[in-house]
Structure formats: structure tokens, C-alpha cells
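Descriptive structure summary
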Amino acid sequence: MAQLTSQTALGRLRPGRAGVLLLAAIYFFVPMGASIWFSIDDYHGGITFNAYTKLLGAPGFLDALYLSLELAAATVVVLLLILVPALLAARLGSPRLRPVIEVMCSLPLVVPVVALTTGIVGVLRWGPEYFANSPFFQTFVAIQNPDLPAVLLIAYVLMALPFAYRALDGGLRGVDVVTLVEAARNCGASYPRAVFSVVLPNLRSALLSASVLTVALVLGEFTTASILGFQPFSVWINSYGKTDGQMSVAVSMISLLVVWVVLLLMSVVGNRGRKAARS
Amino acid sequence: MTTAATVPTGVPLAPGSATVEFRSLRRAFGSTVALDGLDLTVHPGELLALLGPSGCGKTTALRILAGFESHDSGEVLVDGEDVTRIPAHKRDAGMVFQSYSLFPHLTALDNVSFGLKMRGVGKDERRKRAMELLELVGLPQRAAHFPHQMSGGQQQRIALARALALQPRVLLLDEPLSALDAKVRLNLREEIRRLQQELGITTLFVTHDQEEALSMADRVAVLRSGRLEQCATPSELYARPATAFVAEFVGTMSRIPAVRAGESVEVFGRRHAVDGTLPVAGDLEVLVRPENVGLSPAVDGPAVVVGASFLGAVTRLTVRLADGTTVKADLPTEEAAQLPIGGNADVTLPDRPVLVDVRSGAGQ
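All of these numbers come straight from a predicted model, not from anything done at the bench.

The full count for this structure, using the stated rule, is 12 aromatic pairs over all chains. Members of the aromatic cluster, each reached through a chain of ring pairs, are A:Trp126, A:Tyr130, A:Phe131, A:Phe136 and A:Phe140. The ring of B:Phe103 has B:Arg162 lying over it, and the distance from NZ or CZ to the ring centre is 4.5 Å. The ring of B:Tyr238 carries B:Arg289 above its face, with NZ or CZ at 4.0 Å from the centroid.

A word on the interface of chain B and chain A. How big an interface is tends to be reported as the loss of accessible area on association of its parts. The partner chain A presents 18 residues to the 24 residues of chain B that form the contact. Together, the buried faces of chain B and chain A total about 2000 Å²; carbon and sulfur atoms form 60% of this surface. For the chain B face of the interface with chain A, the top three residues by lost area are B:His89, B:His105 and B:Met118, together amounting to 33%. The interface formed by chain B and chain A contains 1 salt bridge. The closest approach of N and O atoms between B:Arg63 and A:Glu182, which form a salt bridge, is 2.5 Å. Counting across the interface, chain B meets chain A through 5 residue pairs in polar contact (both at pLDDT 80 or more). Secondary-structure elements contributing two or more residues to the side of chain B that touches chain A are strand 6 (93-96) and helix 2 (108-118) of chain B. Considering only residue class, the side of chain B that touches chain A consists of 13 nonpolar, 8 polar and 3 charged.

A separate point is helix 10 (residues 191-202) of chain A. With 12 residues, helix 10 of chain A extends 16 Å between its outermost C-alpha atoms, agreeing within 8% with the 16 Å of an ideal straight helix rising 1.5 Å per residue. Of all the positions in helix 10 of chain A, only A:Ala194, A:Val195, A:Val198, A:Val199, A:Leu200, A:Pro201 and A:Asn202 are classed as buried. Next to the buried residues of helix 10 of chain A lie helix 4 (61-92), helix 9 (177-186) and helix 11 (204-220) of chain A together with helix 2 of chain B.

Taken as a whole and assessed by the stated rule, the structure comprises 4 cavities of 30 Å³ or more. In this structure, the largest cavity occupies an estimated 80 Å³ of space. Taken together, 14 residues make up the lining of the largest cavity; nearest its centre are A:Asn186, B:Asp92, B:Ala93, B:Arg119 and B:Leu166. Elements with a contribution of two residues or more to the lining of the largest cavity: strand 6 and helix 4 (152-164) of chain B. In this structure, the second largest cavity spans a volume of roughly 40 Å³.

Here the focus is helix 11 of chain A. An α-helical segment advances 3.6 residues per turn. Residues three or four places apart therefore align on the same side. For helix 11 of chain A, built from 17 residues, the straight-helix expectation of 24 Å at 1.5 Å per residue is met to within 8% by its first-to-last C-alpha distance of 24 Å. All buried positions along helix 11 of chain A are accounted for by A:Ala206, A:Leu207, A:Ala210, A:Ser211, A:Thr214, A:Val215, A:Leu217, A:Val218 and A:Leu219.

All names here are of chain A. Residues Val103, Leu107, Leu109, Val110, Val111, Phe163 and Leu213 make up a contiguous nonpolar surface patch of about 640 Å² in total accessible area. Considering every element that reaches the nonpolar patch, the biggest residue donor is helix 5 (residues 98-110), with 4 residues. Looking at the secondary structure, you find Phe163 in helix 8 (residues 150-173).

This part covers the side chain of B:Gln156. Residues and elements named next belong to chain B. Here Gln156 lies in helix 4. A polar contact is formed between the side chain of Gln156 and the backbone oxygen of Pro176, at a distance of 2.8 Å. Not counting chain neighbours up to four residues away, the residues in contact with Gln156 comprise Val96, Phe97, Gln98, Ser99, Tyr100, Pro176, Leu180 and Leu188.

Another aspect to go through is the packing of helix 4 of chain A against helix 13 (residues 233-241) of chain A. All names here are of chain A. For the pair helix 4 and helix 13, interaxial distance at closest approach is 8 Å and the crossing angle is 150°. When the interaxial angle is binned, helix 4 and helix 13 end up roughly antiparallel. Residues Phe61, Ala64, Leu65 and Ser68 of helix 4 touch helix 13, and the partners they reach there are Phe233, Ser234 and Trp236. Of the residues assigned to the contact of helix 4 with helix 13, the class counts are 5 nonpolar, 2 polar and no charged.

Residues and elements named next belong to chain A. Turning to its location among the elements, Leu79 is positioned in helix 4. For Leu79, a relative accessible area of 1% gives the class buried. In sequence terms Leu79 and Ala160 are 81 residues apart; their C-alpha atoms lie 8.0 Å from each other. Here Leu79 is in contact with Val157, Ala160, Leu161, Ala164 and Thr214, once residues within four sequence places are set aside.

All right, on to the sheet that holds strand 9 (residues 219-224) of chain B then. Residue and element names in this part refer to chain B. Reading across from one edge, 6-7-8-3-9-10 is the order of the 6 strands in this open sheet, with mixed pairing throughout. With one partner strand each, in any of the chains shown, strand 6 and strand 10 (227-232) form the two edges of the open sheet. Here the average twist between neighbouring strands, direction ignored, is 20°. Bridge count for strand 9 against strand 10 is 5 bridges, and the pairing is antiparallel.

Let us now look at the confidence of the model for chain B. Confidence in the prediction of chain B, expressed as mean pLDDT, is 88, and 94% of residues score 70 or more. Across residues 1-13 of chain B, confidence stays below pLDDT 50; counting only partners more than four residues off in sequence or on other chains, it has 32 contacts.

A word on the pattern of salt bridges. Within the structure shown, the criterion is met by 28 salt bridges over all chains. Note that B:Glu191 is salt-bridged to B:Arg194, the shortest N-O span being 3.2 Å. Residue B:Glu191 and its partner B:Arg194 are both found in helix 5 (residues 182-199); the two are separated by 3 residues, about one turn of the helix. B:Glu191 gets classed as buried once you look at its relative accessible area, which sits at 17%. Of the charged contacts, one joins B:Arg193 and B:Asp218 as a salt bridge, the two residues approaching to 2.5 Å between their closest N and O atoms. You can see B:Arg193 sitting in helix 5 and its partner B:Asp218 sitting in the loop between helix 6 (210-216) and strand 9, a full 25 residues away along the chain. Residue classification places B:Asp218 among the partly exposed residues on the basis of a relative accessible area of 28%. Here the residues in one salt-bridge network are A:Glu182, B:Arg27, B:Arg63, B:Glu69 and B:Asp72, joined through shared partners.

About the criteria used
- Sequence positions are assigned chain by chain, starting from 1 and proceeding in written order.
- Here every chain gets a letter starting at A, and every ligand a number starting at 1, in the order they are written.
- Restriction of local features to residues with pLDDT of at least 70 applies here, the model being predicted, together with a cutoff of 80 or more for giving and counting side-chain atom pairs; totals for whole chains, interfaces and linings are based on all residues.
- Side-chain descriptors were evaluated using all non-hydrogen atoms of the structure, hydrogens and water having been removed beforehand.
- To pair, rings of Phe, Tyr and Trp, with the six-membered ring standing in for Trp, must have centres within 6.5 Å; the planes then decide the type, stacked if under 30 degrees apart, edge-to-face if over 60, and tilted in the middle.
- Each ring is checked for a lysine NZ or an arginine CZ that lies within 6 Å of its centre and within 35 degrees of its normal; such an atom marks a charge sitting over the ring.
- Contacts between residues were defined by any pair of non-hydrogen atoms, one from each residue, lying within 4.5 Å.
- Buried area, as used here, totals the accessible surface that two parts lose on assembly, with accessibility defined by a 1.4 Å probe and the loss added over both.
- The rule for a salt bridge is simple: a side-chain nitrogen of Lys or Arg has to be within 4 Å of a carboxyl oxygen of Asp or Glu.
- Contacts described as polar in this section are N or O atom pairs within 3.5 Å, which, within protein, must combine one atom able to donate a hydrogen with one able to accept it, while residues neighboring in sequence count only if both atoms come from side chains.
- Starting at the N terminus, helices and strands are each numbered in turn, a helix being any DSSP run of H or I of at least four residues and a strand any DSSP run of E of at least two.
- Three residue categories are used. Nonpolar comprises Ala, Val, Leu, Ile, Met, Phe, Trp, Tyr, Cys and Pro, charged comprises Asp, Glu, Lys and Arg, and polar comprises the others, including Gly.
- Take the number of residues in a helix, subtract one, and multiply by 1.5 Å to get its expected span.
- Between buried and exposed lies partly exposed: a residue is buried under 20% and exposed over 50% of the maximum accessible area for its type, with that area taken using a 1.4 Å probe on protein chains only.
- Cavities and pockets were defined on a 1 Å grid built from protein atoms only: a cavity is a group of points that admits a 1.4 Å probe but offers it no way out, a pocket is an open group of points flanked by protein on both sides within 12 Å along at least five of seven lines, and a lining residue is one with an atom within 4 Å of any such point.
- Grid points are joined across faces, edges and corners, and a volume is the space filled by probe spheres set on the points.
- For patch detection, residues must exceed 30% relative accessible area and be free of salt bridges, and they are connected within 9 Å for like charges or within 5 Å for nonpolar side chains (Val, Leu, Ile, Met, Phe, Trp, Tyr).
- Here the open area of atoms and residues is found with the Shrake-Rupley method and a 1.4 Å probe, where only the protein chains shown may cover a residue.
- The axes used here are C-alpha line fits, helices contributing only the stretch in contact, and every angle between their N-to-C directions lies in the interval 0 to 180 degrees.
- Any angle that is under 35 degrees is reported as roughly parallel, and any over 145 degrees as roughly antiparallel; angles of 65 to 115 degrees are reported as roughly perpendicular and all others as oblique.
- Two strands qualify as a pair provided DSSP detects at least 2 bridges between them.
- pLDDT runs from 0 to 100 and stands for how confident the predictor is about each residue.

Structural data, given as C-alpha cells:
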């Protein structure tokens, strides 16, 4: 049945659209296919998964992957904890603050990542010296803990802010938050309960979009982590892949696969949550 | 007072209808005064319509009663208790909003049972109660539908069921029909009135549509600039408006120049007693409803017919007087046929006290 449906859908495609679709498919899949072929070619007419098996057993692979996933999860949590209450408070209590929040959230877009990182480096150099004899010294040490560098988390929150803001603001525009909260309160729900029972379920798509964009950004970010001297997955890939050509391509493929799997999982979990809420 | 209706389980839907009193209620938004000392009492089981033009304060009054708006001074009493310090979610007032306010992620059944869930009612009990309410509004077959799968009228009926689910003492309707098309609006108007009467629940209905207010309400309170102009039954409001504003806002009125003649006024050479008090100074006009204006064909009559609108049994004729004043008159359609456009006519006013106002500048 599904096959029939997809056949019918393909049959309905106009030649122009089909051409565009074909070009897009070639653009995306041909380089990927070639890369995969290169990474498994044993140069004797056969295939080998040596590059992949060596990669998975390589020192630091899992640590780097865990660090990236931890950073991604923490960034999503911190970002949503900051943005969602701020945006809801602005809509419910102070609509005049909306343009201010919009400008503030968009500011990171105009600051190049290198400039932001250089600023962070400056602060990290200056801080420990300046606060050497105060409790803040330990703070500067703690935020650079390589197991979960908070300084990287702060940088990622700033970088993801404009994208997460856009996603959430778009979701909020589609929902009459004020009326929904008032209706919920009229039904006996307190403010927090109205937000959790009524507003957030209707922002599920926006929350998911903001999370997906943030995760994609964090998993792929290289500049800041590299300059600050940390080794999340992207930095590890770069340093490890330099050892051999086949390995570097295998590393890229694994990197792509990891990002895809994470985003796919988020999407599936989000959709299941929506269906569960409706049933 | 109407006895509260029961649903099939025998549970009364409106266990007690309350008396609502607004006392010297004042609310200003910056320099704009929305309510300027509103005094109004809503009796138990009564449907009272708050009627007035945009910005007159009717919605503000309703929102203060619901707990969504604060007030500057005054009191809002429900059964003698000042509710202004009680948070909105504990006010015991069900509300139907102007915009569709159903929770989009919940089915009709879950929407109706939402309030019961907030009150900690068990799943089976709230499901049973919600189904009863859906039956009450005639939509049990829509229980599993989401709001986006229902029409506007159906959504507002579900919203009504949701507002009634907690058996509130007061039902608040904030222009619930304004987003609906004319036919659905008419049906839902009757439906709301039927339910309100069956349940005997004290209801405040905000509207700017005078026809809606007059056809549904037990009493109508006309507001202007945050103040109560008049609160009366629809028939009294229409027949004996207290002020020129009420007279012109409720129904159609023509203003005809009049001459002061002692304690009465003279119009078209005839003296008329004044309904109310005669303004102390200024040029005068009498206010007359179209059905109270008499027209008869007369070759040298002072009025010229300039327009005719067929309304079924009656036709509304518009005539122009020599000074440019236009007057509307409703005549039986057969009589109106005797007065062609361009023809002259005599104008007569009823032999009863007329409402008099100071001349407003441009005649109508």
C-alpha cells in the first residue's frame, strides 16, 4: 500500500521538479557514496572496514564522543531553561520587552566565533591572575574542567541563542499563549501548571526544533573548542583523521552518522511524545 | 430563580447561582480610564449583558471579575465576598473567551475534563462528567476530536461545556459569538440562552452587538466611558432609554430639531411632553425611533422621501426635511408604496413624551 502511494506520488512529480530533486540527490549522495567507497576500498578490488574498526577502537574516541554529547545535552537544557521562561514572561507580562529580547538574542549572530573565543581566552588569562587570592580563582579553574568544560558550555549557549530563539519565537507566534494560560487558570490551574500542562505541550515542535538546531551546532563546533584546548568529537576527528587519508574519510562518515542518529532519535522521541500526549 | 438543571447522573450542574456586585469599580490604563466607578448588581440566575462600544470598559469589568485584570479601587463581590484578592484559578467563575481558547493538544473530552483534572477528580469520574457535559451541549460524538477538527461553533460549545465543568457560581461570556458566521451565531445564541435558563446560572455576557444583547439577556447594562449609563430589561431599554447615548446605541434613532416651549417642546408645530428632564440651555432635538415616526403623502409636505429599504413586513423610508435633517420612518410595506422616492410627505410624531437632547451639530 505504502509502495503504491509512493509510486503514485512519484508519478505525479512534474519533470521540472523531478529534475531538481535528481540534481539535489546527486549533489548530496554522490560525494557521500564516493567517500564511503574510498574509505572501504582495499586497493585490490575488494572492500575492507579496517579504517572503521581501527577508528572505533582508537584512543580518545569514546571520551570525545561522550564529551560532545554531554555538552550538547547541557547546552540544550541551559538554553531552554533560560529562553523559555524569558519568552513566556515577556508574552504574558511585558510584551514591550519582546523587541529587547529579540535584539539581545540576535547579538551573537554579529559577533564572529573567533572574536567571541578570543574574548573568552582573554578573560581566562586575566581572571586567574586577578583573582589569584580569592575564591573566584577556583571558579576559573572549575569552568575549565576538561571533563565538562563550563566555559565551552557558556560559549555554546551564546552561539546557539539566535537559532533557538528563532525556533521558539516562531512556535510562540503560532499559539495564543495569553488566552491559553487564562483559559487554563480559569479551569483551576495555577500559573506553573498552566505553563506545563497547556503551553509547553503546544510548543513541542518549537522546543524540538530549538533542541535539534542546538545539538547540530554543538556537535559540529570546532573553532572555540580547538582554540580553548578542549577535545570534543569535532576536535578529536580533526586531529585523529590527519594520520591517514582513508581514516580521515572514515572519521567524517562516522561524524555524519553520529549527528544524524542523534537528530533522528530526537525527532522520533519528540513525535512519540506528541502522540502519547494526544492519546 | 430558576431551579438548577441536572444531567443524567443527577448531579446538579450549577449548584448555586451567585449575586455579583461591582461597587465603585475603577481601573485606568495609564491615562485611559477603562472603568470609572462602575456600580452594578447581577442577580442570582440572571443573564446580564454588558453592552457598549469598544473601549467602554465592559471586557475590563469581566476580566476583573475573572481575576485576569487588577483594579485600582472599588470592590467586586460574589455572594457578598470581595473576590478581588482571590487568584484567578480559585475564583469559581467559568469563562468562555472571544477567541477560540480550546487547548489544541487535547481532545474535546480532555478539554472539558481539564478543570476536573486540576481539581484532582479521578479519571473515571471526570470522563463521565465530561461526557455528560458534551451531551448537554449536543456534541458527544465529537469527544475524541481535536479542536482543529471542529468548526468554530462547535469549538465554542465545547468551550462552554469546559466552562461549566467545574460547576461555577458565575458564568462569564466574553463576546463568545463574535468570531462566528451569522447563522451559527444565531443558533449558538439560542443554545446559550437555553442552557443558561436550564442551569439557572448567573451569567455575564459581554457584547457590542445590541441585537445579541437584547435578544438574550434578562437585563442589559449599557456602559459608556467606563460608567453605567442604564441597566434595564431589553424592552425598557428600547422603549424608555435613560439617556440620548443609550437611545442611539440601542436601536435606530432620528434626531429632529425642536423648539423649547416652556416645560415641553414643539416639533412640526405640535407640542410634546418631555420624557425626563429638559436640558437647561442649548438648542434642542427630539430623538424618535423609526417605528414612532408617521409619514403620509402630501403634495406640499415638509419632507421629501430620499430613500427606501425593504425589510419584509415593513419598509424603512428616509425623508429629508427643509433644513437638511434626515429622519427614518418604518411603515408597513403597503403604506410605504404610497410614498415614492422624490415625493413629499407630512411627518408626525407620536402623542407621547419624547426624549430630548441638546443639538449635536450634524443632524441625522
